[in-house]
There are 2 protein chains.
Amino acid sequence: MQIAKGVEWTTHICTVIALLPPGRGLAVDVLADFFEVPSAYLSKQMQLLRRAGVVESVRGKSGGYRLAKTPDDITLLDIVLAIEGPKPAFRCTEIRQNGPCGLKRTDCKRPCEIAAAFAEAERVYRDALKVKTLASIMQEAAVNAKPEHLNDIGNWVQQQLP
Amino acid sequence: MQIAKGVEWTTHICTVIALLPPGRGLAVDVLADFFEVPSAYLSKQMQLLRRAGVVESVRGKSGGYRLAKTPDDITLLDIVLAIEGPKPAFRCTEIRQNGPCGLKRTDCKRPCEIAAAFAEAERVYRDALKVKTLASIMQEAAVNAKPEHLNDIGNWVQQQLP
């Protein structure tokens, strides 16, 4: 079980485009260069974020992607669900209905105990990602980073704007 | 992100082989038939469980797989780690070290805030699976099941033994 690399990449990217001035965006190619990740793959992942309402695209010379909401309103769970889709990691195929002792479908209205246990684990996993906003991640990063590193990133963003 | 089907299948199978008398096992083919799942794939998954010390194999006429420990000592996490391996779902590739503002490797001793948030979510996920033993799953199932269904499974297991 592995989360798509796009989750790591786009989360980092969201913390960068969060620094853009109003109405401005950054192109996928520019963002791909910033993190040295493949532009074509990144482009698909950013489209998934756009469809999920996490980022929006700005047209024109200074166009590209920007956050569609404030960093306070975007959680790590929003990004995971945008990239991975809404389905849970454990997908019950109801094998209790199979074979010589299989249950009737009508007797399987409640999830089985195994499926319920995995659903509960997934619930706490998602809850942990839901309380982590982009704003909280950025704040922690700002506390832990060297000031010159934050300056470097801020300057780089400014330099990309025509 | 999807957990291997083998996790669902082998967890169900563990609840069945838990009913075996001492020293007895059930063959993969028999178990595959019980849940109508492909025998070849199941065989590989059961080998993973054996390597992880969750099940053991018994030789001879009444041979096959049986639990290597009591149902109290086997958790859903044991089964997930046996099938999926120990790696976390989120695998940080340290892209903060890339590109024009990349950090030096020596400045990245602590995990970044994004990796740390995913590690924390995975920790609570694993903890939730760790408290679910096979015994607790079987007890819940026994409470929720119709008595005749439990009888059917018990009788089926007995019939498989020479």
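Not measured: the values here are computed from a predicted model.

Helix and strand content of chain A: 7 helices and 2 strands. Reading the helices (α) and strands (β) of chain A from amino to carboxyl end gives α-α-α-β-β-α-α-α-α. In terms of C-alpha radius of gyration, chain A reaches 20 Å, well past the compact-globule figure of 15 Å for 162 residues. Its C-alpha atoms give chain A principal-axis dimensions of roughly 70 × 35 × 25 Å. Residues counted as buried form 44% of the 162 residues belonging to chain A. Taking the contacts inside chain A whose residues are at least 6 apart along the sequence as the reference set, 69% of them involve residues at least 24 apart. Just so you have it, chain A exposes about 8100 Å², and 51% of that area is on carbon and sulfur atoms.

Moving on: unusual backbone geometry. Positive phi values are uncommon outside glycine, yet A:Glu36 reaches one of about 50°. Assignment of secondary structure puts A:Glu36 in the loop between helix 2 (28-35) and helix 3 (39-51). Residue B:Glu94 is not a glycine yet carries a positive backbone phi of 55°. Looking at where B:Glu94 falls in the secondary structure, it is placed in the loop between helix 4 (76-84) and helix 5 (113-130).

All names here are of chain A. Counted by the stated rule, this structure contains 14 salt bridges over all chains. With a closest N to O distance of 2.7 Å, Glu94 and Arg96 form a salt bridge. The exposure class assigned to Glu94 is partly exposed, which follows from its relative accessible area of 22%. Between Glu120 and Arg123 there is a salt bridge, with its nearest N and O atoms 3.0 Å apart. You can see Glu120 and its partner Arg123 sitting in helix 5 (residues 113-130), 3 residues apart, about one turn around the helix. Given a relative accessible area of 42%, Arg123 falls into the partly exposed group. In this structure, a network of salt bridges that share partners links the residues Glu120, Arg123 and Asp127.

We now examine the relation of the copies chain B and chain A. Expressed as a screw operation, the relation of chain B to chain A combines 0.0 Å of axial shift with a rotation of 180°, fitting to an RMSD of 0.0 Å. This pairing of chains is accounted for by a two-fold axis. Among all residues of chain B, the minimum C-alpha distance to the rotation axis is found for B:Tyr125, at 2.5 Å. Comparing interface residues between copies, 100% of those in chain B also sit at the interface in chain A, which points to an isologous, same-surface contact.

Glancing now at the interface of chain B and chain A. With 55 residues of chain B at the contact, the number on the chain A side is 55 residues. Carbon and sulfur atoms supply 69% of the area that chain B and chain A bury against each other, a total of about 5000 Å² over both sides. Area buried by chain B at its contact with chain A is led by B:Met1, B:Ile95 and B:Glu113, which between them contribute 16% of it. Linking chain B with chain A are 2 salt bridges, by the criterion used here. B:Asp107 serves as the salt-bridge partner of A:Lys146, at 3.4 Å between the closest nitrogen and oxygen. For the pair chain B and chain A, the number of links is 24 residue pairs in polar contact (both at pLDDT 80 or more). Counting residues per element, the ones that place at least two in the side of chain B that touches chain A are helix 1 (5-17), helix 2 (28-35), helix 4, helix 5, helix 6 (134-144) and helix 7 (147-160) of chain B.

Membership of the largest hydrophobic core comes to 99 residues, with the highest contact counts inside it found for A:Phe118, B:Ile17 and B:Phe118. Those residues in contact with B:Ile17 that sit more than four places away from it in its chain are B:Leu26, B:Leu31, B:Met46, B:Val55, B:Tyr65, B:Arg66 and B:Leu67.

It is worth spelling out the environment of A:Gly99 at this point. Mapped onto the secondary structure, A:Gly99 falls in the loop between helix 4 (76-84) and helix 5. When its relative accessible area of 24% is taken as the criterion, A:Gly99 is described as partly exposed. Separated by 50 residues in sequence, A:Gly99 and A:His149 have C-alpha atoms that sit 61 Å apart. If we ignore the near neighbours within four places in the chain, the residues touching A:Gly99 are B:Asp33, B:Phe34 and B:Glu36.

Each α-helix turn comprises 3.6 residues. Residues three or four places apart therefore point the same way. Over its 13 residues, helix 1 of chain B runs 18 Å from end to end, which matches the ideal 18 Å to within 8%, given 1.5 Å per residue. In terms of residue burial, helix 1 of chain B counts as a mostly covered element, since 12 of its 13 residues are buried.

Reading guide: rules and limits
Residues numbered from 1 in each chain as written. Chains lettered and ligands numbered in written order. Predicted model: local features only at pLDDT ≥ 70, side-chain atom pairs only at ≥ 80, totals over all residues. Heavy atoms only, no water. Helix = DSSP H or I, 4+ residues; strand = E, 2+ residues; numbered from the N terminus. Rg over C-alpha atoms; globule rule 2.2 N^0.38 Å. Buried < 20%, exposed > 50% of the residue type's maximum accessible area, 1.4 Å probe, protein only. Contact = heavy atoms within 4.5 Å. Areas by Shrake-Rupley, 256 points an atom, 1.4 Å probe, with all protein chains shown as cover. Salt bridge = Lys/Arg side-chain N within 4 Å of Asp/Glu carboxyl O. Least-squares fit on C-alpha atoms with pLDDT ≥ 70 in both. Buried area = accessible area lost by both parts, 1.4 Å probe. Polar contact = N/O pair within 3.5 Å; in protein donor to acceptor, adjacent residues only side chain to side chain. Core = buried A, V, L, I, M, F, W, Y, C linked by side-chain atoms within 4.5 Å. Expected span 1.5 Å × (residues − 1).

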